[in-house]
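Single-letter residue listing:
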Amino acid sequence: MYCTKNIASDLVWVGANDRRLAMFEGVYSVPAGVSYNSYLLTDEKTVLFDTVDKAVGRIFFENLEHGLGGRTLDYLIVHHMEPDHSATLSELLLRHPETTVVCNDKTAVMIAQFFGSGAVERMQLVKEDDTLSTGTHELTFYMAPMIHWPEVMMTYDKTAHTLFSADAFGVFGALNGAIFADEVDFDRDYLKEARRYYSNIVGKYGMQVQNLFRKIADLDIRMLCPLHGFVWRRDIGYFFKKYNLWSTYTPEEKGVMIAYASIYGNTENAAEILSSKLRERGVRTVMYDVSVTPASDIIAECFRWSHLVFASSTYNGGVFVTMDELLRDIAAHNLQKRTVAFMENGTWAPVSARQMTAIFAPLKNMTVLEQSISIRSSLTEGQLAEIEALADVLAEDIR
Ligand code: FEO
C-alpha cells in the first residue's frame, strides 16, 4: 500500500524509510533508520527528482504509481548517482520507457558505469544555469561538485521557490510519519544526527559547501528538499547557519571533548582527572571511550566543540588501534580550526603523543598545545600538577 506525503498541491514525496539498515554506506550506524527521499512534481509535465535505494524499491514504486495516478513519467532528474539514490534507476526506466533522464555529463558517465551504456534511451544533458520548463514550473540547474560526489547538481524551482538540494541538508533518521522539519523538535531530537550526517558524509568538503552558498545566495529559497531527512519550509536560516559553521570548520560550542583509548583503565583515569579539573574551572566537557563509541559520533563531536584532547595508550610501538583509526578518520575529514592536546601512556616506551601529533600535522589552522602529558603505566601524584597546568591552559584559552 502506498505511503506518500503531500508537500504542495503538485509536489508529493514518494520516498521511503529504512529501519533495517545496520550501517549506512557500510560504515555509519543508523539506529534510528534513514529516509531515501524522492519527489514527484505533477505539472503539465511530470517530473521525478531522483530514485531510491534498492532496499526500499517496492514501496517506492507503489508510491510513484500512486503519485502519477495513471499519468506517464516525462522526466527523471538525477541529482546524485550514489546508489542510495540511483540503484532503482534502471528498474524505473524499464517500468517507464517513456521517461527522459535529465542529468549532467558527469552523471551520464556514471549511469553507464553502473548500468551499462544502453541503460538510458532518452537523455537530456544539462549544465550550469540551464532551465527546464514543465508547464507552470521553471527549473534551473546548479552544479554542486563534491557535495559530496563530483557529479552532484541541484535544481531550483523558481515557481515554487524550492531547492532540491541532493545530499546537502540531509539528516540520518527515518521520518516516522513526518515530512516537514517543523513537525518535529529538530533541535532537540535531530540536530545531533544532522551534525553526524554532515560531518561524516560532507565534512571533508567545506570549501565546496561554501561555494554552493555563494552560488545560491541570491535565490529566494522558501523550501528545501534534500535526499535524506526532512523538508524545510520554515526556519531554513537556522539550518543554513549550522551548515555555515560546519563548512567553515567553526566550532559551535566552547568546551573540551576528551576522547581516550585505554586498555586497562589507567589512561581513562588520567582523562577523567583532566575532565574533573576542567569542570572545576567552569569548562564544559564531554568524554568518549574510542573503543566503545563509534568513530562517526566522535567525528561529529569534533565538529561541535572548540577544544579537543586525545589520550591514548601506546600499542605495538604506535597509537592504540581504535585511536589510530579515529585520528586518521578525523584527518580524512579535513577538520580545521581546533585547539588540541594529546596525552600518552606506555609502560616501557610511550610514543603515542608524538605519533598522534604526526597524524594531525597536515590539518590546517590547528593549534597543538605544548602541554602534552606522558604517563608511565599510571598517573603519579607528582603528575597532578601537569594535569592542573593543562586544565589551566585549556580553560584560559576557552575564556
Ligand atoms: Fe545519500 Fe551521497 O548519497
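Right above here is the structure, for reference.
Residues numbered from 1 in each chain as written. Predicted model: local features only at pLDDT ≥ 70, side-chain atom pairs only at ≥ 80, totals over all residues. Heavy atoms only, no water.

Undergrad: Pulling in residues and values, what's your account of the overall build of the chain?
TA: Secondary structure assignment for the chain yields 13 helices and 23 strands. Overall, the chain is about 80 × 40 × 35 Å in size when its C-alpha atoms are taken along their principal axes. Burial analysis of the chain (399 residues in total) assigns 58% to the buried set. The long-range share in the chain, meaning contacts at least 24 apart out of those at least 6 apart in sequence, stands at 72%. Taken as a whole, the chain presents about 16500 Å² of accessible surface, with 49% of it coming from carbon and sulfur. Averaging the locations of the 37 positively and 51 negatively charged side chains of the chain gives two centres separated by 2 Å. (Helix = DSSP H or I, 4+ residues; strand = E, 2+ residues; numbered from the N terminus. Buried < 20%, exposed > 50% of the residue type's maximum accessible area, 1.4 Å probe, protein only. Contact = heavy atoms within 4.5 Å. Areas by Shrake-Rupley, 256 points an atom, 1.4 Å probe, with all protein chains shown as cover. Lys, Arg positive; Asp, Glu negative; His and termini not counted. Charge placed at Lys NZ, Arg CZ, Asp CG, Glu CD.)

Undergrad: For the packing of aromatic side chains, give the residues involved together with the corresponding values.
TA: Counted by the stated rule, this structure contains 30 aromatic pairs. Between Phe186 and Tyr190, the aromatic rings sit 6.1 Å apart at their centres with planes inclined by 20°, giving stacked as the arrangement. For the pair formed by Phe186 and Tyr190, the shared burial category is buried. The ring of Phe61 carries the charged tip of Arg95 above its face, separated from the ring centre by 4.0 Å. (Phe/Tyr/Trp six-rings, centres within 6.5 Å; stacked < 30°, edge-to-face > 60°. Lys NZ or Arg CZ within 6 Å of the ring centre and 35° of its normal.)

Undergrad: Which residues make up the side chain of Asn104, and what are the values?
TA: Residue placement: Asn104 occurs in the loop between strand 10 (100-103) and helix 4 (105-115). The exposure class of Asn104 is buried, given its relative accessible area of 4%. There is a polar contact of 2.9 Å between the side chain of Asn104 and the backbone nitrogen of Thr107. Every residue in contact with Asn104, bar those within four places of it in the chain, is listed here: Leu125, Val126, Met143, Glu151 and Met153. (Polar contact = N/O pair within 3.5 Å; in protein donor to acceptor, adjacent residues only side chain to side chain.)

Undergrad: I'd like to hear about the pattern of salt bridges, residue by residue, with values.
TA: If you walk through the whole model with that rule in mind, you get 18 salt bridges. One salt bridge in this structure joins Arg234 and Asp182, with 3.0 Å as the shortest N-O distance. Separated by 52 residues along the polypeptide, Arg234 in the loop between strand 16 (223-225) and helix 8 (236-247) and Asp182 in the loop between strand 15 (162-164) and helix 5 (186-189) bring together distant segments of the chain. Residue Glu193 pairs with Arg196 through a salt bridge whose shortest N-O separation is 2.8 Å. A residue pair is termed a helical-turn pair when its members lie 3 or 4 positions apart in one helix, as Glu193 and Arg196 do in helix 6 (residues 191-202) at three residues. For the pair shown, Glu193 and Arg196 are each scored as buried. Taken together, the salt bridges that share partners define one network made up of Glu253, Arg284, Glu301 and Arg304. (Salt bridge = Lys/Arg side-chain N within 4 Å of Asp/Glu carboxyl O.)

Undergrad: Account for the sheet that holds strand 2 (residues 11-13), naming residues and giving values.
TA: Read across the sheet, seven strands follow the order 1-2-7-8-9-10-11 without closing on themselves; strand pairing throughout is mixed. The outermost strands of the open sheet, each flanked by one partner alone, are strand 1 (5-8) and strand 11 (123-125). Strand after strand, the sheet turns through a mean of 25° between neighbouring axes, direction not considered. Sheet topology note: the strand 7 (residues 39-42)/strand 8 (residues 46-49) ladder contains four bridges and is antiparallel. Bridge pairing links Tyr39 to Phe49 in strand 8. (Pairing = 2+ DSSP bridges. Axes fitted to C-alpha atoms, helices over the stretch in contact; angles between N-to-C directions.)

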